[in-house]
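Below are the chains, spelled out letter by letter.
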Amino acid sequence: MEQLAINGGKPVRSNLLPYGHQWIDNEDIASVVRVLKTDWITQGPKVDEFERTVAEYCGAKYAVAVSSGTAALHAACSVAGISSGHEAITTPITFAATANSVIYCGGKPVFADIRQDTLNIDVKEIEKKLSPKTKAILPVDFAGHPADLDEIRAIAKKRKIVVIEDACHALGAEYNGRRIGSLSDMTIFSFHPVKHITTGEGGMVLTNNKGFYDRLRVFRHHGITKNNQDKGPWHYEIHNLGYNFRITDFQCALGISQMKRLDRFVERRREIAARYNQAFAGMKELVTPIEAEDVKAAYHIYVIQLRTELLKVGRKEIFEALRAEGIVVNVHYMPLHLHPYYRREFGYKRGDYPISERYYERAITLPIFPKMSNADIHSVVRAMRKVVDFYRK
Ligand SMILES: Cc1ncc(COP(=O)(O)O)c(C=O)c1O
């Protein structure tokens, strides 16, 4: 048996393979430089163009680009009317920003456990958590696999509450043959470098609702409205609290350029996932991600679950052994209710969400990004086989 790198053996890779990485080409760089040479480098015409490009791609009527995915979530929660005394239901298996946006508005995030198969929020669990205080549901399209959006929309419609879909993992994904982006009251994207396309930092809210759209634009710019110009050309009014959540024109130039390659990026992610699935199919110690029939997943991340009952060690040892082989694995995510902050503020405790907790104990995220070569994929597979062979019971 091959000696593991963590025990002094030769690592599978001599250089580290990150778990995610942007892909910036010369055309991307040229488009940013062109904007930097103009007079307009903060919010200007490229912001409108980027919004139109993403909205058209996703089949949504309106889009508002902002400074991050977190800002987009915050803005959406605010215009949905979440405030003190309200609750919003979301999944524990997400990045903190999903739940935090509810808290920024004064509301309480109420978690609902996940489905064991898709790892997305479980509709039956949502139903158990509904209360007269529920103002919104925030499903997350975890790893790029759309949540059960039809069922969630139906619950929300009956209750007259808002669905804010955190699709930060799911740009380019499809649900029942339709692109993610117009299937919820508001859909959120992030353009962080590990996402499907990047603007450095950046985010967007998509909606078909003109009322939300108008309020999002005002919220992005300090709450400033210019409706009473008869009082003078300088005159503006602030009717509600807003923020500076603006994104710049040169960031949006990068976003527009990246959008031209989005389909290729998503296809390459799907190809990498398929190769992993095939390579790991024969390893009973690993549970590979599933893709529901009515869905095209965008594979922002590729999460594998370890059947630790078949291994001599737990997730921590496998994780460390893979890193020593040169594979920068990751974990998405520690369930939010287990973090000290949410325990302290909202009284959550271990045992509250058993499926999420069990998932977390077994999950490892493997590298996936469009620029990965076939040799990179092969090195991940080789490292995984080497480590699992060593620790197999
Ligand atoms: C599910 C989810 N929601 C929200 C965010 C926040 O996006 P950003 O980093 O652009 O603020 C992220 C990004 O990491 C995410 O993965």
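Residues numbered from 1 in each chain as written. Predicted model: local features only at pLDDT ≥ 70, side-chain atom pairs only at ≥ 80, totals over all residues. Heavy atoms only, no water.

**Focus on the packing of helix α10 (residues 315–324) against helix α13 (residues 374–391)**
Working step 1: Contact pair α10 / α13: the axes reach a minimum separation of 10 Å and the direction vectors enclose 135°. Between α10 and α13, the angle falls in the class oblique. Regarding α10 and α13, the two cross each other, and that crossing is right-handed. Where α10 abuts α13, its residues Ile-318, Ala-321 and Leu-322 lie against Ala-383, Met-384, Val-387 and Tyr-391. (Axes fitted to C-alpha atoms, helices over the stretch in contact; angles between N-to-C directions. Helix = DSSP H or I, 4+ residues; strand = E, 2+ residues; numbered from the N terminus. Parallel < 35°, antiparallel > 145°, perpendicular 65-115°, else oblique. Left-handed = near helix turned anticlockwise from the far one by under 90°. Contact = heavy atoms within 4.5 Å.)

**Notes on the sheet that holds strand β7 (residues 178–179)**
Working step 1: Across the sheet, which stays open at both edges, the three strands sit in the order β7-β6-β13 with antiparallel pairing between neighbours. Of all the strands in the sheet, the pair left with one neighbour each is β7 and β13 (295–296).
Working step 2: The sheet contact formed by strand β6 (residues 174–175) and β13 spans two bridges and is antiparallel. By the bridge assignment for β13, Tyr-175 is matched with Val-295. (Pairing = 2+ DSSP bridges.)

**Looking at the packing of helix α9 (residues 262–280) against α13**
Working step 1: α13 packs onto α9 with a crossing angle of 30° between their chain directions and a minimal axis gap of 11 Å. As the angle between them shows, α9 and α13 are arranged roughly parallel. In the packing of α9 onto α13, the handedness of the crossing is right-handed. Taken together, the residues of α13 that come into contact with α9 (itself represented by Arg-268, Ile-272, Arg-275, Tyr-276, Ala-279 and Phe-280) are Asn-374, Ile-377, Val-380, Val-381, Met-384 and Arg-385.
Working step 2: Split into classes, the residues belonging to the contact of α9 with α13 amount to eight nonpolar, one polar and three charged. (Nonpolar A, V, L, I, M, F, W, Y, C, P; charged D, E, K, R; others polar.)

**A look at the site of the ligand**
Working step 1: With respect to spatial proximity, 15 residues lie near the ligand, and among them Gly-69, Thr-70, Asp-166, Ser-190 and Lys-195 are the closest.
Working step 2: For the ligand, an oxygen atom lies 2.8 Å from a polar atom in the backbone of Gly-69.
Working step 3: At 2.9 Å, a side-chain N or O of Lys-195 approaches an oxygen atom of the ligand.
Working step 4: Protein contacts shield 91% of the accessible area of the ligand, which totals 390 Å² for the unbound molecule. (Near = heavy atom within 4 Å. Polar contact = N/O pair within 3.5 Å; in protein donor to acceptor, adjacent residues only side chain to side chain. Areas by Shrake-Rupley, 256 points an atom, 1.4 Å probe, with all protein chains shown as cover.)

**With respect to the environment of Phe-265**
Working step 1: Relative to the helices and strands, Phe-265 resides in helix α9.
Working step 2: As a C-alpha pair, Phe-265 and Val-102 span 163 residues in sequence and 31 Å in three-dimensional space.
Working step 3: In contact with Phe-265, not counting residues within four places along its chain, are Trp-23, His-196, Ile-197, Gln-258 and Pro-370.

**With respect to the layout of surface pockets**
Working step 1: Taken as a whole, the largest pocket holds about 360 Å³ of empty space.
Working step 2: At the level of elements, α3 (69–79) and α4 (96–104) are the ones that each hand at least two residues to the lining of the largest pocket.
Working step 3: Considering each element in turn, the lining of the largest pocket owes the most residues, three residues, to α3.
Working step 4: Estimates place the volume of the second largest pocket at around 250 Å³.
Working step 5: What lines the second largest pocket is a set of 16 residues, and nearest its centre among them are Ser-78, Arg-215, Phe-219, Asn-240 and Leu-241.
Working step 6: Residue assignment for the lining of the second largest pocket shows that the elements contributing at least two residues are α3 and α7 (210–220). (1 Å grid on protein atoms, 1.4 Å probe; cavity = no way out; pocket = protein on both sides within 12 Å on 5 of 7 lines; lining within 4 Å. Points joined across faces, edges and corners; volume = space filled by probe spheres on them.)

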